Amino acid sequence: RNLNPTIHPFEQGREYVRALNTVKLERMFAKPFVGALGGHIDGVYSMAKHPTRLASMISGSGDGEIRVWDITDQRTTWRANAHNGIVQGVCAGANDTTRFLSCSQDKTVKIWDTSSGSDPVNTYVGKYAFMGLSHHRKDPLFATAGNSVDVWDESRSEPIHEFEWGADSYQSVKFNPVETNILASTGTDRTIVLYDLRTSQPISKVVMTMRTNAIAWNPIEAYTFVAANEDHNTYLFDMRNMESAHNVFKDHVSAVMDVDFAPTGQEIVTGSYDRTLRLYNINQGHSRDVYHTKRMQRIFSVQFSMDSKFVLSGSDDGNIRLWKANASEKLGVKDWRERHHLAYAASLKERFKHMDEIRKIDRHRPLPGDIRRADRMKKTLLGSEKRKDENRRKHSKKYDEEKRIPERKKAIIGVAK
């Protein structure tokens, strides 16, 4: 084929039409919902993926039941009535593919082995209700969040470290999967606190304007984590400098209840009280996709699958829903001709993404009426606040001399070390 541009004077026009057809077809064939994993009779308030088993996922329910799922067959492979209260946290063990842990408001942490029946292998009793749980990536250590942040050794019945820094209680705790001696917690006093096991003391804490519900560490970059906040936003932080967020992920119209990183470290998924889950690129502030169904209720837990191709959401209607991470992606085997065509279509879309018509079609997402109304009202309120601030600056010399606060610093009250 002769690639001389003078021989193909209408090539750009033809490729624009092809790019337009590509985005139209993508929106037509965007069917993200794969299936629902039913079985829990109460809301699903905690979930965890297995770090070494691709198709395995653990979930904890509001009635104390725990289930292990096979995502490929969409069925339960193991279940137990584990606790007398809400299962607040589940996580996989370090080196054993069949072991996992769970914690609950009944003041117990239990270790389970799916190969040895439905009785716990070990039980740890605390003084207060446990609200969060996380296991060390390699060592037999796990951390719990409750009245304080405790670090436990699996071979001991009492915590080996106990951390407190001002909060009445702590909601969640997460070990860093890369820098495994670092862990982070969120408190009811609106703080995010970082700890180091090597020095057995807290490193630093950041105080937000509203409470943080969940955190997730980037599995590729050791220093970055995201925080799901009550102010409808999710914040990306670098633990080396928490004076300012590196990015603010917007678009939700209610509190963000959970967040998880994709194994690639390039995307996050958030689940909100507004009954939607959203997917973000970590370099962009607005969601690239939003998923919802008529029957799905408030989302309390979300997870990426270990191959980054699927997303799971657990809501208080008792169902776990399985979604495609890319809504229009075709599942199954693709031959070389189809793969070549899809790559060509993706490059065309990238080339013409700035064009108004293509951008409008690509960004369009149908939303429930109540979310659309709430979004409209939220934009009106934020716009009026901004207009009020501009009017004050225009008519007040003293106010005009004050520095403008960047959007990435507005939610941060201060940092303590």
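Conventions we followed
Residues numbered from 1 in each chain as written. Predicted model: local features only at pLDDT ≥ 70, side-chain atom pairs only at ≥ 80, totals over all residues. Heavy atoms only, no water. Pairing = 2+ DSSP bridges. Helix = DSSP H or I, 4+ residues; strand = E, 2+ residues; numbered from the N terminus. Axes fitted to C-alpha atoms, helices over the stretch in contact; angles between N-to-C directions. Core = buried A, V, L, I, M, F, W, Y, C linked by side-chain atoms within 4.5 Å. Buried < 20%, exposed > 50% of the residue type's maximum accessible area, 1.4 Å probe, protein only. Salt bridge = Lys/Arg side-chain N within 4 Å of Asp/Glu carboxyl O. Phe/Tyr/Trp six-rings, centres within 6.5 Å; stacked < 30°, edge-to-face > 60°. Polar contact = N/O pair within 3.5 Å; in protein donor to acceptor, adjacent residues only side chain to side chain. Contact = heavy atoms within 4.5 Å. Parallel < 35°, antiparallel > 145°, perpendicular 65-115°, else oblique. Nonpolar A, V, L, I, M, F, W, Y, C, P; charged D, E, K, R; others polar. Expected span 1.5 Å × (residues − 1). Arc of directions from axis to C-beta.

Engineer: How should I be thinking about the sheet that holds strand β8 (residues 108-113) in this particular structure?
Structural biologist: In a beta sheet, neighbouring strands pair by backbone hydrogen bonds and run either parallel or antiparallel. One open sheet holds the 4 strands; their spatial order is β6-β7-β8-β9, and the pairing between them is antiparallel. On the outer flanks of this sheet lie β6 (87-92) and β9 (122-125), each paired with one strand and no other. Strand after strand, the sheet turns through a mean of 15 degrees between neighbouring axes, direction not considered.

Engineer: Which parts of the structure should I look at to understand the sheet that holds strand β18 (residues 212-217)?
Structural biologist: Strand order in the open sheet formed by 4 strands is β18-β19-β20-β21, with antiparallel pairing between adjacent strands. The open sheet has two free edges, formed respectively by β18 and β21 (247-249), since each of these has just one partner strand. The mean inter-strand angle of the sheet, taken between neighbouring strand axes irrespective of direction, is 25 degrees. In terms of strand pairing, strand β19 (residues 224-229) meets strand β20 (residues 234-238) through 5 bridges, oriented antiparallel. What sits directly across from Phe225, in β20, is Phe237.

Engineer: What is the right way to read the nonpolar core from this model?
Structural biologist: Side chains of nonpolar character tend, in soluble globular proteins, to be buried together. Residues Ile192, Leu194, Met208, Trp217, Phe225, Tyr235 and Phe237 are the most contacted members of the largest nonpolar core, which totals 18 residues. Residue assignment for this core shows that the elements contributing at least two residues are β15 (182-187), β16 (191-196), β17 (201-208), β18, β19 and β20.

Engineer: Teacher, can you tell me more about the pattern of salt bridges here?
Structural biologist: A side chain of one charge can pair with a side chain of the opposite charge when the charged atoms of the two come close. Scanning the model with the defined rule gives 23 salt bridges in all. A salt bridge links Arg351 to Glu15, with the shortest nitrogen-to-oxygen separation between them at 2.2 Å. With Arg351 in helix α2 (residues 336-351) and Glu15 in helix α1 (residues 11-28), the pair connects residues that are 336 residues apart, well separated along the chain. According to the relative accessible area criterion, Arg351 is partly exposed, its value standing at 42%. Classification of Glu15 by relative accessible area gives buried; the value is 10%. Taking the shortest distance from any N to any O, the salt bridge between Arg79 and Glu65 comes out at 2.6 Å. One end of the pair, Arg79, is in strand β5 (residues 75-81); the other, Glu65, is in strand β4 (residues 65-70), and 14 residues separate them in sequence. Arg79 sits in the partly exposed class, given a relative accessible area of 40%. Bridged by salt links that share partners, the residues Glu26, Lys349 and Asp362 form one connected network.

Engineer: Where do I start with the packing of aromatic side chains in this structure?
Structural biologist: To describe a pair of aromatic rings, you give the distance between the ring centres and the angle between the ring planes. For the structure on display, the rule yields 16 aromatic pairs. Ring geometry for Phe142 versus Trp152: centroids 6.0 Å apart, planes at 5 degrees, classification stacked. Of this pair, Phe142 sits in strand β11 (residues 141-145) while Trp152 sits in strand β12 (residues 149-153), placing them 10 residues apart in sequence. In this structure Phe142 comes out as buried when scored by relative accessible area, which is 0%.

Engineer: Would you mind going over the side chain of Ser272 with me for this structure?
Structural biologist: Residue position: Ser272 is located in strand β23 (residues 267-272). When its relative accessible area of 0% is taken as the criterion, Ser272 is described as buried. Polar side-chain contacts of Ser272 include one of 2.9 Å to the backbone oxygen of Ala255. Each residue touching Ser272, except ones within four places of it in the same chain, is listed here: His252, Ser254, Ala255, Val256, Met257, Arg298 and Ile299.

Engineer: I'm lost on the packing of α1 against helix α3 (residues 356-363) in this one. Help?
Structural biologist: How two helices pack is summed up by the angle between their axes together with the distance between the axes. Where α1 contacts α3, the two axes come as close as 9 Å, and the packing angle between them is 10 degrees. Classed by the angle they form, the pair α1 and α3 counts as roughly parallel. Residues Tyr16, Ala19, Leu20, Val23, Lys24, Glu26 and Arg27 of α1 touch α3, and the partners they reach there are Glu357, Ile358, Ile361 and Asp362. For the contact of α1 with α3, the per-class residue count stands at 6 nonpolar, no polar and 5 charged.

Engineer: Whenever I open this one, α1 confuses me. Can you help?
Structural biologist: Because an α-helix completes one turn every 3.6 residues, residues spaced three or four positions apart along the sequence face the same direction. Taking 1.5 Å per residue as the helical rise, α1 with its 18 residues ought to reach 26 Å, and the 26 Å between its terminal C-alpha atoms agrees with that figure. Of all the residues in α1, the buried ones are Glu15, Ala19, Leu20, Thr22 and Val23. Buried residues of α1, seen end-on, are gathered within an arc of 155 degrees and therefore sit on one face of the element. Residues of α1 that are buried in the fold lie against α2 and α3.

Engineer: Explanation requested: unusual backbone geometry in the structure shown.
Structural biologist: For residues besides glycine, phi is generally negative; the peptide bonds are generally trans as well. A positive phi angle, close to 80 degrees, is found at His232, a residue other than glycine. Structurally, the position occupied by His232 is in the loop between β19 and β20. Overall, the relative accessible area of 23% leaves His232 in the partly exposed class. With phi around 70 degrees, Arg275 is a residue other than glycine that occupies positive phi space. Summarising the element assignment, Arg275 is placed in the loop between β23 and β24 (277-281).

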